[in-house]
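Here is what each chain is made of, one letter per residue.
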Amino acid sequence: MNTRQQSKVIYSWYGKPMSSDRKLRTSKYRGILITSESSRTENCIQLGEFILVEGENADEPFVAQLLDLYEDGAQEKHAVVQWFSHITEVPPNKRKLLKREVSPQEVFFDQVPGFDTDIAVETIIKSTMVIPLHLNEEPPISLNKEKIFYVKQSWDGKCFKTLSPDIFSKLKEANKKGGGIPNSSNSFIPLDIISPLKKETESVVQSATKPKPVELQIESKHSASKSSLAKERHSQRVANGIKTPTARKKLQLNSPTRSPKDRFLGCEVLDLLDDDFGAIAPLKPSATKRKVKFTGILSSPPKKPHTNDKEKSIFDTEERWQRFTESLQLSPYKVKDSSEKAKNLHVKNDTVSLNGHWELRSRSHVETPRSRRSCAQQTSSRIAEQISILNALEFNKEEESSSSSHSSCSSSSEEEENDEICTPKKKTKLSRPVSTPKSSRKSSVHTPARTPKKTPLPGTPKTPRNATPEIPRRKHATQKPASVLEEARLRLHVSAVPESLPCREEEFQDIYNFVESKLIDGTGGCMYISGVPGTGKTATVREVIRCLQQAAENDELPAFHFLEVNGMKLTDPHQAYVQILELLTGQKVTATHAAVLLAKLFNTPGPKRKTTVLVVDELDLLWTRKQNVMYNLFDWPTQKHSKLIILAIANTMDLPERIMMNRVASRLGLTRMSFQPYTYKQLQQIISSRLNNVKAFEEDAIQLVSRKVAALSGDARRCLDICRRATEICEFDSQKGAPEIVRMAHVTEAIDEMFSSPYVNAIRNASLHEKNFLRAILAEFRRAGVEEATVQQVYHHQVALCRMEGIPGPTVSEVMAICSRLGAHRLLLVEASAKYLELRVRLNVSQDDVMYALKDE
Amino acid sequence: MSKRKVKESGGANGECISQVQKVLRERFCHHYATGKLFGIEHQYRHLLDLLKRTTVHGESNSALIIGSRGSGKTALLNHVLKELKEMKQVRENLLEVRLNGLLQTNDKVALKEITRQLNLENVVGDKVFGSFAENLAFLLEALRKGNRTSSCPVLFILDEFDLFVHHKNQTLLYNLFDISQSAQTPVTVIGLTCRQDILELLEKRVKSRFSHRQIYLMNSFDFKQYIRIFKEQLALPAEFPDESFAQKWNNNVQHLSEDKTVQDVLQNLFHYTKDLRSLHLLLMLAVSNVTVHHPLITASDLHEASKQYRVDSRANIVHEFQKFVQRKAHCMYNFEKPVVMKAFEHLIQLELVRPIERPNIRAQREYLLMKLLLDNTQIMDALQAYPNCPVDVKQWAASSLSWL
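With an unreviewed UniProt entry as reference, chain A is termed Origin recognition complex subunit 1, source organism Strigops habroptila. Per UniProt, the comment on chain A under Function (unreviewed entry) is "Component of the origin recognition complex (ORC) that binds origins of replication. DNA-binding is ATP-dependent, however specific DNA sequences that define origins of replication have not been identified so far. ORC is required to assemble the pre-replication complex necessary to initiate DNA replication."

Structure, rendered in structure tokens:
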């Protein structure tokens, strides 16, 4: 399915080093040349340009400005950038501070201190553009496309500020510079032509506004333009297919494919070109642009709508918009395809014929800008590169669309990635907390292109993957606790979440400090937490995370991801990778693949990565023979860029020494913490704090429970269970009219019920012959001096015993039955029964217990 | 003192007899909610309260019902469920999942079964079940979605609980108990087992999550109660169509329970085992003797039944094949070698004797070390029951077996 090109992209420096530092052995460069090997195209990005940087999610690249490029001593190519935050990168609770709607094109000048501005050059995807605007300024509607971003405010992690004039002018300067790159062929184009309607914005390079709409038409249609390229890069990483040589040909023919997407890609190419111009369309065309956009999707003959646009007034956009959306939904898809083809062919012709005539815009709008562009950049290597990208994608799409039917509008059973570029991606994203707002906003802004595709989605068989299974709702509401005892029982249930965790303040503080410091430093680390079951390890860690999340929301800490993996809830240790990856990015892949992706994610310097806090519960179950799961888990935090904090929880204190290889244990480090079993005072406090003024227990009763449990295991769960059982017993008694408070007697009964050995009781209630059999065993043991006997020997004793008591002795078959019955209870340990009388038996209870139980009557 | 009251009424009586057979057989063979419970009122209350709280308050719980085979674990649970389901509020609010350790032999199978019984697969249409890992994640996700107040409580019944313990990592038990201890969909996990040491088999983490509610069924009744149970089990119900016959039958049963031979028979059985299933078997054998010409059950019937019931199988076999032993004894002077070998092989086949080592090719059959799998008393019994046993065999038995 994924036949995207796997071309290598080569990053090389542009020009000679500007300066070099001998001490640090770094040399700085002016620009970077990105060469795609397969398409043999080059793309040059210079300092000061704005770039898209690969993010964690392929469809959400980051925006940044290139500030510096250098090569360090180890020949690694680095770039220093100034980040721009997208609105989705701002914590949801902070978005309110803006008090305005933010369009998806808006970015914020990032002044958050936590992000690393030094990135590897390989993460740069391509250049883009960012335009500074004043706050009160309307976002230029013509910019209603994703390729061009604009910036109004800065964001420093706490509040939004307007851009200082200094920054503003710098950014503006940078934009100008972007157009003046010597390498790009459009350098001769005059800059700074301010459009009549938009004062502050830099206008399109072309003096006229006419060509713009068409290019915008294309651009605006694709919501995912930004993402698609990133996606494409991403898929390169992941791809398993190879690019076939036919791809290019197909592009030129532009054979019917899933057209909207092709269009997206097409416009993407144009977009990129466009960025160099630093163009902003004036207001007037923006209205027309919209219309054109729809027509593009409607795929009516390309020329017609444009002429229409010309004539139409600009101000009736809303109604038209409406209308177009409607018609859009009705329009068949086939038509689109064919017309698309026509259009594309058209364009091709034009590119040839109109070479060098870009000023001649009297023909159709469709052709002019394109031809202009093509002519202008004929020499430039860019076009070729972008086309190649387009090629690859398109070819891909073609394949996919040929498999899925054209008419069923793309939501056929195997929802390929293709679709994910625009629609289903959003769907999947919705499930992820990080990106939700963005996707929803996007879709709302950009509906027309997507709506028709989205509708059939619910019925597709793909849904099971993302389906949220649910236990049916109950028909009747739950009863509220009616009495004090019921209330108490509710509070004492282990699942009830207490307001605070008493008696674990120290541990809490330690863990909190550990994670907090790592968060602030932006580094990674491991911590190993041990303790017997029921000592509140997981509860404390969860509480820490809750507090940290709270703090992050209040901006006291940088934001972080929180993931949890439980060894017991995995069927296989390697499934841990799958779970982590799914929680992190929402992808569902196989274990081996997930391991590769995660390693890639954590080992490469990811720009603007949030810290990840991973809680690994029941660590000992992640043990494998090669221990590679554990090794990886503890190796990632040591990587420089991973920003991964691991809290590993297990029962045994010396787990690292006992089961881990040296290399694993060494990576785990020495940050250990051990949870001691609760003392009776702590247990008492836990119960009291849970009860919290519900007067259901006598003080002494609580103390008895806590002392008893502390002496046995110190397991808080046990303690709560006993209390709960005691309330039940109390309730049962109080039905006879006793007062409703749990007393010592109730607690004692509950404790007895839970802790008394069942053996004695079982022996007492055994039948006479069973008892005799046990007696006979004891006698035989005493006679032989060995704690093992055959049934035959025991049988002789039993017959003798029965004779003494004057009752008929059992037959051999009966004795065998008795023996197997006692074996089933595990009072006896019995061999497999094939040996008949030679069967060896052994007591599973201590002899004293048996004696005690037998003597009593 | 047999009460042979041959009735000479034809069809009506025959009708009665078949009715009696039907009623009693149902009682003895279906151990489920139809029969009565004896001596476990307390446990009944406990379990009933537990399940009621789950359904009504949405409280998660876990419990184990431990008792020997035939002590009425399943019967208890079924009784409780039957009573609970009479409450409308409960009936509509309870999802039941029954698993059996003998059927769900690993967690993968168990998960599929749970998903099927919860009808979760309907939620996702015609989903083909994916891998084990996916299934687990799917089910856990489903259960996590719920919460105490709004989700329908789920009752998990794990029959042969001890077999679930042997599953890898006890993943299923851990997860079930973990859910029961956390604020997710309310679940109650009831395990049924006959092993008294079940708690020691649980892994420490699983054990910690288990609530330690154990309901023991001990058959803790004495002989008087046993007689009463016997009476109640045999008595015909009040709604029996032919009232006069029922009256007669019940009187007869009353008499029987006071009869000395019957009491002896019961006493023997009681000493042998207290579980009610064996009583049922005994009564079943007795009741099957009831015919039109023999309408009421008698003490001799019971006696016969008990004899039949307590027959020593090996002794029987010995009886049948004692002649081979006899031949063997004679072989020194009478029989030829192939005959003896044939007899010897026959004994091996019947597992009356068994080679100590595995028979291997090198050792000759004549020199194999053998082990006699019978007790001397059994041989003596068999010889005595064998009327025309040759004298020398008897002598051999008397001389060589008595000193053992």
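Peer 1: Go over the overall build of chain B, please, and point to the residues and values.
Peer 2: Helix and strand counts for chain B stand at 20 helices and seven strands. A total of 404 residues make up chain B; the buried ones form 53% of that total. Contacts in chain B between residues far apart in sequence, at least 24 positions, make up 74% of those at least 6 positions apart. For chain B, the computed accessible surface area is about 19,000 Å², with 54% contributed by carbon and sulfur atoms.

Peer 1: Please give an account of the environment of G809 of chain A that cites residues and values.
Peer 2: All names here are of chain A. Inspection of the secondary structure assignment puts G809 in the loop between α31 (791-805) and α32 (812-825). Classification of G809 by relative accessible area gives partly exposed; the value is 38%. Each C-alpha atom, one on G809 and one on Y795, is 9.6 Å from the other, the two residues being 14 residues apart in sequence.

Peer 1: Which residues make up the pattern of salt bridges, and what are the values?
Peer 2: Per the counting criterion, the structure on display carries 39 salt bridges over all chains. Between R743 of chain A and E698 of chain A there is a salt bridge, with its nearest N and O atoms 2.4 Å apart. Taken together, the residues span a long stretch of sequence, with R743 of chain A in the loop between α27 (716-734) and α28 (744-755) and E698 of chain A in the loop between α25 (680-691) and α26 (699-712) at a distance of 45 residues. Among the residues examined, R743 of chain A registers a relative accessible area of 34% and is labelled partly exposed. Note that R725 of chain A is salt-bridged to E728 of chain A, the shortest N-O span being 2.8 Å. With R725 of chain A and E728 of chain A both in helix α27 and three residues apart, this pair spans about one turn of that helix. With respect to burial, R725 of chain A and E728 of chain A carry one shared label: buried. Several salt bridges share partner residues, and in doing so they unite R489, D715, R718, D721, R724, R725, E728, E731 and E753 of chain A together with R53, E59 and R213 of chain B into one network.

Peer 1: Let's hear about the packing of aromatic side chains: which residues, and what values?
Peer 2: Residue and element names in this part refer to chain A. The full count for this structure, using the stated rule, is ten aromatic pairs over all chains. Considering the side-chain rings of F508 and Y512, the 5.9 Å spacing of their centres and the 25 degrees angle between planes classify their relative orientation as stacked. Residue F508 and its partner Y512 are both found in helix α18 (residues 505-521); the two are separated by four residues, about one turn of the helix. Of the two residues examined, F508 and Y512, each falls in the buried class. Aromatic pair Y577 and W636: ring centres 6.1 Å apart, planes at 55 degrees, arrangement tilted. With Y577 in helix α20 (residues 575-585) and W636 in the loop between α22 (628-635) and β17 (644-650), this residue pair connects regions lying 59 residues apart in the sequence. On the basis of relative accessible area, Y577 is assigned to the buried category, the value being 4%. Judged by relative accessible area, W636 falls into the buried class, the value being 2%. Above the plane of the ring of Y678 lies R504, whose end atom (NZ or CZ) is 4.2 Å from the centre.

Peer 1: Describe in detail the interface of chain B and chain A, supporting the description with residues and values.
Peer 2: Between chain B and chain A, the contact holds 92 residues from the first and 75 residues from the second. Between chain B and chain A lies a buried interface of about 7,500 Å² when both sides are counted; carbon and sulfur atoms form 52% of it. Considering only the surface of chain B that becomes buried against chain A, R205, H271 and Y272 of chain B emerge as the three largest contributors, covering 10% of it. Linking chain B with chain A are eight salt bridges, by the criterion used here. Between E728 of chain A and R53 of chain B there is a salt bridge, with the nearest N and O atoms lying 2.4 Å from each other. The tally of links from chain B across to chain A stands at 26 residue pairs in polar contact (both at pLDDT 80 or more). When residues of the side of chain B that touches chain A are assigned to their parent elements, the largest contribution, eleven residues, is made by helix α7 (residues 132-145) of chain B. Across the side of chain B that touches chain A, the residue classes tally to 29 nonpolar, 33 polar and 30 charged.

Peer 1: Now, about the environment of L234 of chain B: what can you tell me, with residues and values included?
Peer 2: Looking at where L234 of chain B falls in the secondary structure, it is placed in helix α12 (residues 223-234). Setting aside anything within four residues of it in sequence, one finds L234 of chain B in contact with L24, R27, F28, W249, V253, L283, V287 and I297 of chain B.

Peer 1: How would you summarise the nonpolar core if you had to cite specific residues and measurements?
Peer 2: Of all hydrophobic cores here, the largest spans 70 residues; its most connected members are F773 of chain A together with Y226, L234, W249, L266 and L279 of chain B. Ignoring sequence-local partners within four residues, the contact set of L266 of chain B consists of F223, Y226, I227, F230, L279 and L282 of chain B. In terms of nonpolar packing, the next biggest core, distinct from the first, is built from 42 residues, L143, V154, V165 and L202 of chain B among them.

Peer 1: Quick one: what's the story with the sheet that holds strand β1 (residues 9-14) of chain A, residue by residue and with numbers?
Peer 2: Residue and element names in this part refer to chain A. Spatial ordering of the open sheet is given by β1-β4-β5, a layout of three strands whose pairing is antiparallel. Each end of this open sheet is capped by a strand with a single partner; those strands are β1 and β5 (41-46). For this sheet, the mean angle separating the axes of adjacent strands, direction not counted, is 25 degrees. Looking at chain direction, β1 and strand β4 (residues 31-36) are connected through six bridges and run antiparallel. Residue pairing in the sheet places Y11 in a bridge with I34 of β4.

Peer 1: Pulling in residues and values, what's your account of the confidence of the model for chain A?
Peer 2: All names here are of chain A. Looking at chain A, pLDDT values average 68 and 58% of them are 70 or higher. Low pLDDT (under 50) marks residues 324-380, which in the prediction has 111 contacts with non-local residues, meaning those over four places away or in another chain. When the criterion is pLDDT under 50, residues 394-466 qualifies, and its contacts beyond four places in sequence or with other chains add up to 153 contacts.

Peer 1: So what's going on with the packing of α25 of chain A against α26 of chain A? Residues and values would help.
Peer 2: Residues and elements named next belong to chain A. Running from N to C, α25 and α26 point in directions that differ by 135 degrees, and their axes come no closer than 8 Å. By the criterion of interaxial angle, the relationship of α25 to α26 is oblique. Crossing handedness for the pair α25 and α26: right-handed. Where α25 abuts α26, its residues Y680, L683, Q684, I687 and L691 lie against E699, I702, Q703, V705, S706, R707, V709 and A710. Taken together, the residues that form the contact of α25 with α26 break down as eight nonpolar, three polar and two charged.

Peer 1: Please set out the side chain of R195 of chain B residue by residue, giving values where relevant.
Peer 2: You can see R195 of chain B is positioned in the loop between β4 (187-193) and α10 (198-201). Among residues more than four places away in sequence, those in contact with R195 of chain B are A824, H825 and R826 of chain A together with I66, D162, H166 and L201 of chain B.

Peer 1: Now, about the packing of α12 of chain B against helix α15 (residues 276-287) of chain B: what can you tell me, with residues and values included?
Peer 2: A pair of packed helices can be characterised by two numbers: the angle between their axes and the separation between those axes. Residues and elements named next belong to chain B. Interaxial distance between α12 and α15 falls to 11 Å at its minimum, and their mutual angle equals 45 degrees. With respect to each other, α12 and α15 are oriented oblique. Helix-helix and strand crossings are classified by hand; for α12 and α15 the assignment is right-handed. From α12, Y226, I229, F230, Q233 and L234 reach across to α15, where they touch L276, L279, H280, L283 and V287. Split into classes, the residues belonging to the contact of α12 with α15 amount to eight nonpolar, two polar and no charged.

Peer 1: Explain the pairing of strand β15 (residues 560-566) of chain A to me, using residue names and the numbers behind them.
Peer 2: All names here are of chain A. Of all the seven residues making up β15, five are buried; the element is thus mostly covered by neighbouring parts of the structure. Across seven bridges, β15 lies against strand β16 (residues 611-617) in parallel orientation. Each residue of the ladder has a partner; that of E564, found in β16, is V615.

Reading the values: rules and limits
Residues numbered from 1 in each chain as written. Chains lettered and ligands numbered in written order. Predicted model: local features only at pLDDT ≥ 70, side-chain atom pairs only at ≥ 80, totals over all residues. Heavy atoms only, no water. UniProt positions renumbered as here; feature names shortened; annotations may be inferred. Helix = DSSP H or I, 4+ residues; strand = E, 2+ residues; numbered from the N terminus. Buried < 20%, exposed > 50% of the residue type's maximum accessible area, 1.4 Å probe, protein only. Contact = heavy atoms within 4.5 Å. Areas by Shrake-Rupley, 256 points an atom, 1.4 Å probe, with all protein chains shown as cover. Salt bridge = Lys/Arg side-chain N within 4 Å of Asp/Glu carboxyl O. Phe/Tyr/Trp six-rings, centres within 6.5 Å; stacked < 30°, edge-to-face > 60°. Lys NZ or Arg CZ within 6 Å of the ring centre and 35° of its normal. Buried area = accessible area lost by both parts, 1.4 Å probe. Polar contact = N/O pair within 3.5 Å; in protein donor to acceptor, adjacent residues only side chain to side chain. Nonpolar A, V, L, I, M, F, W, Y, C, P; charged D, E, K, R; others polar. Core = buried A, V, L, I, M, F, W, Y, C linked by side-chain atoms within 4.5 Å. Pairing = 2+ DSSP bridges. Axes fitted to C-alpha atoms, helices over the stretch in contact; angles between N-to-C directions. pLDDT = per-residue confidence, 0-100. Parallel < 35°, antiparallel > 145°, perpendicular 65-115°, else oblique. Left-handed = near helix turned anticlockwise from the far one by under 90°.

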